[in-house]
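Coordinates in review
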Amino acid sequence: MNVTVKNKKLDSWIKEAAAMCQPDAIYVCDGTREEYDRMMSKLLASGSAISLTKRSNSYLFRSDPSDVARVEDRTFISTSSKEEAGPTNNWIAPAELKATMRGLYKGCMKGRTMYVIPFSMGPIGSPISKIGVEISDSPYVVVNMHIMTRVSSKVLALLDAGEDFIPCLHSIGAPLPPGQKDVPWPCAPMESKYISHFPEENLIWSYGSGYGGNALLGKKCLALRIASAMARREGWLAEHMLILRLTSPEGKQYHIAAAFPSACGKTNLAMMQPSVKGWKCECIGDDIAWMKVGGDGRLHAINPESGFFGVAPGTSYSTNPMAMDTIGKNVIFTNCALTDDGDAWWEGMTDDVPAHLIDWKGRDWTPESKADAAHPNARFTAHASQCPVICKDWEKPEGVPIDIFIFGGRRGSVVPLVYEAYSWEHGVFLGATAASETTSANIGAVGNLRRDPFAMKPFCGYHMGDYLHHWLAMGERLGSRAPRIFYVNWFRKNGDGKFLWPGFSDNSRVLKWMCERVDGKAGARETPIGLMPREEDLDLAGLSLTPPDMQELMSVNIAEWKAEIPDIEAHFATFGERLPERLKHQLQDLVKRLG
Ligand code: GTP
Ligand code: SPV
Ligand code: MN
């Protein structure tokens, strides 16, 4: 080991993990640029990374074709009773799960180095921040953690001074026998992958995958699943939300936090450049928000991450120019295609499709090829400071005061562009019943409609019924200082399967209406599902949307909404006794309003 660890809990955990996993060496990370470069050189030499000659200090990785996204079916919330994990989580009893995983971990790092990665979620030393230590045998994880979290010897110093931490054990599950050549992306087969959480002891054990949220344990595992359970105990919120600051032409600031399921538009909205004149948008975070009630009685949000692990396909200068400028240099690309001149490429990046590429599986690709050149869940990893519109206050330890919450999802039909909740309780009902078509951010079927409450179905570390109670209690605590709640759907389609709404920068038109609602300046009409803008309430100047399209986008079809009710009832029934009474009433009210 390269340093002496003074924190007793950390020292004994490292020793315990080493005895179990049997690595060839142990290395404690310091988060320096020099360390990053050294690690990347190793990854280049071993053939895991490809250097991109067209982009400064940028690299391409190709994962194993079986290891391309989060694995919700292999993700577990291991509480002492199954009931506590609730209906939205997979559960195995802690003793059984640990026994199984100890069996897998035994000798799993043979032939590899065990990296010890001390990191902070949130600014180092801030009272809102949490320290984690990830033990991993993946150098790819190390370089990504450098960007996504604050990896630093300063964190180790805090640990040495006795600070507590959340242990995050990770192995790709692929020991390397002596003399055997490594593969570019080692990992374990699906049935032995486990992404396990023990929220009662703030512990994470991940085995078998090297990809994204399965392996970068600060993100979904710590900052959402474990943090949501802590937040419930301690009276705050850990949410799958972007955070942005919108400034009106008059200079008034509004802070918005929005929860959309994976690959449903958070990164894009977080960096959106308004098409409405005079409005300015700045990014604070694109995936996770931690929120606490401040001394002013309002909810204040911080982004616990320090980088973006963003969906590449669909990202272009016309859809998300700020993301394109964020990824000009110092980027890790995973599962993108490779151009002949040494750049990354993906579907939707450019109007002209290159005549030849190497696809994400390493095969020759031409426009005639049937398969996508980039995997639909191909991602870029880039530091937040590289975003041209990162808000100057993005690292403020006290966070920003939230004015507006938005829930939403991807619905090709039924759900209109935007509506506002009648009350906090109604807003919680909208979050609780949110539904979205599944995406390739998870391994499994794509395009299946499912209820994804608060975009937290895969990320809530405890019983979802208790989570809903927690949100209702938060509303009571905030009272008149609670943010206003809205619901949006950018993804409604016409009969030809085309998106009705232009989206992206034009989403600012919807956000402007929300801000004006907060200020009591804009009108709305009552509908059975909520308050909706009349056409004159939305700023549609310069938008070429045909009146029939606009009408369809804003329509509430009573028969279609009535058809939603049995599904909502079935969804609510899964919460049993733990479904808040007030949400049952909200459902009854909706049924009444639908007539
Ligand atoms: P995670 O990182 O998985 O949590 O995803 P995310 O919620 O940040 O989604 P992201 O912003 O990366 O968007 C996912 C996909 O949706 C991309 O292909 C985008 O181009 C597309 N998208 C985002 N916003 C819009 C929009 O307003 N309209 C349309 N039509 N597509 C959008
Ligand atoms: C998501 O799936 O919501 C992501 C990507 O943000 S991952 O880090 O893989 O969870
Ligand atoms: Mn996400």
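The rules behind each value
Residues numbered from 1 in each chain as written. Chains lettered and ligands numbered in written order. Predicted model: local features only at pLDDT ≥ 70, side-chain atom pairs only at ≥ 80, totals over all residues. Heavy atoms only, no water. Helix = DSSP H or I, 4+ residues; strand = E, 2+ residues; numbered from the N terminus. Rg over C-alpha atoms; globule rule 2.2 N^0.38 Å. Contact = heavy atoms within 4.5 Å. Areas by Shrake-Rupley, 256 points an atom, 1.4 Å probe, with all protein chains shown as cover. Lys, Arg positive; Asp, Glu negative; His and termini not counted. Charge placed at Lys NZ, Arg CZ, Asp CG, Glu CD. Buried < 20%, exposed > 50% of the residue type's maximum accessible area, 1.4 Å probe, protein only. Salt bridge = Lys/Arg side-chain N within 4 Å of Asp/Glu carboxyl O. Near = heavy atom within 4 Å. Polar contact = N/O pair within 3.5 Å; in protein donor to acceptor, adjacent residues only side chain to side chain. Nonpolar A, V, L, I, M, F, W, Y, C, P; charged D, E, K, R; others polar. Domains from an automatic or database assignment. Core = buried A, V, L, I, M, F, W, Y, C linked by side-chain atoms within 4.5 Å. Donors = N, O, S within 2.8 Å, 3.2 Å for Na, K, Ca; no water. Tetrahedral: all angles 85-135°; square planar, octahedral: opposite > 155°, others 65-115°. Pairing = 2+ DSSP bridges. Buried area = accessible area lost by both parts, 1.4 Å probe. 1 Å grid on protein atoms, 1.4 Å probe; cavity = no way out; pocket = protein on both sides within 12 Å on 5 of 7 lines; lining within 4 Å. Sits in = over half its atoms within 2 Å of the grid points.

**Re the overall build of the protein**
Secondary structure assignment for the protein yields 16 helices and 31 strands. Taken over C-alpha atoms, the radius of gyration comes to 24 Å for the protein, in line with the 25 Å a tight globule of 595 residues would show. For the protein, the C-alpha atoms occupy an extent of roughly 70 × 55 × 45 Å along the three principal directions. Sequence-distant contacts, at least 24 apart, represent 73% of the contacts inside the protein between residues at least 6 apart. With an accessible surface of roughly 21800 Å², the protein has 51% of that area assigned to carbon and sulfur atoms. Averaging the positions of the 65 positive and the 70 negative side-chain charges in the protein gives two centres separated by 3 Å.

**Let's talk about the environment of Asp-164**
Tracing the sequence through the fold places Asp-164 in the loop between helix 6 (153–160) and strand 8 (166–171). Classification of Asp-164 as exposed rests on a relative accessible area of 55%. Taking C-alpha positions, Asp-164 is 33 Å from Phe-333, a pair spaced 169 residues apart along the chain. Setting aside anything within four residues of it in sequence, one finds Asp-164 in contact with Lys-9, Ile-131 and Leu-159.

**Quick look at the pattern of salt bridges**
What the rule picks out here adds up to 41 salt bridges. Note that Arg-517 and Glu-420 form a salt bridge whose closest N and O atoms lie 2.6 Å from each other. A residue pair is termed long-range when its members are at least 10 positions apart, and Arg-517 in helix 13 (residues 507–518) and Glu-420 in strand 26 (residues 418–420) qualify at 97 residues. Each of the salt bridges in this network shares a partner with another, and the network as a whole consists of Glu-83, Glu-84, Arg-232, Asp-466 and Arg-578.

**Remarks on the site of ligand 2**
Residues in close proximity to ligand 2 include Arg-70, Gly-212, Gly-213, Lys-219, Lys-220, His-240, Ser-262, Asp-287, Phe-309, Arg-379, Ala-441 and Phe-459, which together make up its full environment. Taking Gly-213, its main chain carries an N or O atom lying 2.9 Å from an oxygen atom of ligand 2. Between an oxygen atom of ligand 2 and a side-chain N or O atom of Asp-287, the distance comes to 3.4 Å. Relative to its free-state accessible area of 280 Å², ligand 2 is covered by the protein chains to the extent of 98%. Of all the secondary-structure elements, those providing two or more residues to the shell around ligand 2 are helix 7 (212–215) and helix 8 (218–234). Of the residues contributing to the shell around ligand 2, the split by class is 3 nonpolar, 4 polar and 5 charged. Viewed by domain, the shell around ligand 2 spans two of them, domain 1 (8–48 + 74–235) and domain 2 (238–305 + 393–594), each represented by three or more residues.

**Regarding the nonpolar core**
One recurring pattern in soluble globular proteins is that nonpolar side chains are buried together. Residues Trp-290, Phe-333, Trp-346, Phe-405, Trp-471 and Met-514 are the most contacted members of the largest nonpolar core, which totals 171 residues. For this core, the leading source of residues is helix 8, giving 9 residues. Leaving out residues up to four positions away in the same chain, Met-514 has contacts with Ile-404, Ile-406, Val-418, Phe-486 and Val-488. By size, the runner-up hydrophobic cluster in this structure holds 32 residues, among which are Ala-17, Val-28, Met-114 and Tyr-194.

**Let's talk about the coordination of the manganese ion (ligand 3)**
Coordination of the manganese ion (ligand 3) by the protein involves Lys-220 (NZ), His-240 (NE2) and Asp-287 (OD), with metal-donor separations of 2.2 to 2.3 Å. Note that the manganese ion (ligand 3) binds 6 donor atoms; their angles at the metal cover 68 to 175 degrees, and the shape is octahedral. Read in sequence order, the donor residues for the manganese ion (ligand 3) give the motif K-x19-H-x46-D. One end of the pair, Lys-220, is in helix 8; the other, Asp-287, is in the loop between strand 14 (280–285) and strand 15 (289–293), with 67 residues separating them in the sequence. Here the two residues Lys-220 and Asp-287 agree in accessibility, since each one is buried.

**Quick notes on the sheet that holds strand 19 (residues 337–339)**
Taking strand neighbours across the sheet as the criterion, the 4 strands line up as 20-19-21-22 in an open arrangement whose pairing is antiparallel. A strand with exactly one partner marks an edge of an open sheet, and here the two such strands are strand 20 (344–345) and strand 22 (364–365).

**Looking at the side chain of Lys-266**
Mapping Lys-266 onto the fold places it in helix 9 (residues 266–270). For Lys-266, the side chain forms a polar contact with the main-chain oxygen of Pro-261, separated by 3.4 Å. Excluding its chain neighbours within four sequence positions, the residues that come into contact with Lys-266 are His-240, Met-241, Leu-242, Ala-258, Phe-260, Pro-261, Asp-286 and Asp-287.

**A closer look at unusual backbone geometry**
Phi is positive for Gln-22, close to 55 degrees, though the residue is something other than glycine. Mapped onto the fold, Gln-22 is located in the loop between helix 1 (8–21) and strand 1 (25–28). The phi dihedral of Ala-455 falls on the positive side, at around 55 degrees, and the residue is not glycine. Within the fold, Ala-455 resides in the loop between strand 28 (449–451) and helix 12 (464–478).

**Focus on the domain arrangement of the protein**
According to the domain assignment, the protein consists of domain 1 (8–48 + 74–235), domain 2 (238–305 + 393–594) and domain 3 (308–386). The C-alpha centroid of domain 2 is placed 32 Å from the C-alpha centroid of domain 1. With 33 residues of domain 1 in contact, the opposing surface of domain 2 contributes 31 residues. Approximately 2900 Å² of surface area, both sides summed, lies buried where domain 1 meets domain 2, with 58% of it carried by carbon and sulfur atoms. Where domain 1 packs against domain 2, one counts 7 salt bridges. A salt bridge links Glu-305 to Lys-219, with the nearest nitrogen and oxygen atoms 2.9 Å apart. Taken together, the links from domain 1 to domain 2 amount to 18 residue pairs in polar contact (both at pLDDT 80 or more). Among the elements of the structure, helix 3 (82–85), strand 5 (113–121) and helix 8 are those that each provide at least two residues to the side of domain 1 that touches domain 2.

**A closer look at the site of ligand 1**
Around ligand 1 sit 21 residues in total, of which Ala-263, Lys-266, Thr-267, Asn-268 and Arg-379 are the nearest. At 3.0 Å, a side-chain N or O of Asp-287 approaches an oxygen atom of ligand 1. Within the side chain of Asn-507, an N or O atom sits 3.0 Å from an oxygen atom of ligand 1. In the complex, 92% of the free accessible area of ligand 1, which totals 660 Å², lies under the protein chains. Put simply, ligand 1 lies in the largest pocket. Counting residues per element, the shell around ligand 1 draws most heavily on helix 9, at 3 residues. Looking at the shell around ligand 1 residue by residue, the class counts come to 9 nonpolar, 8 polar and 4 charged. No fewer than three residues from each of domain 2 (238–305 + 393–594) and domain 3 (308–386) sit in the shell around ligand 1.

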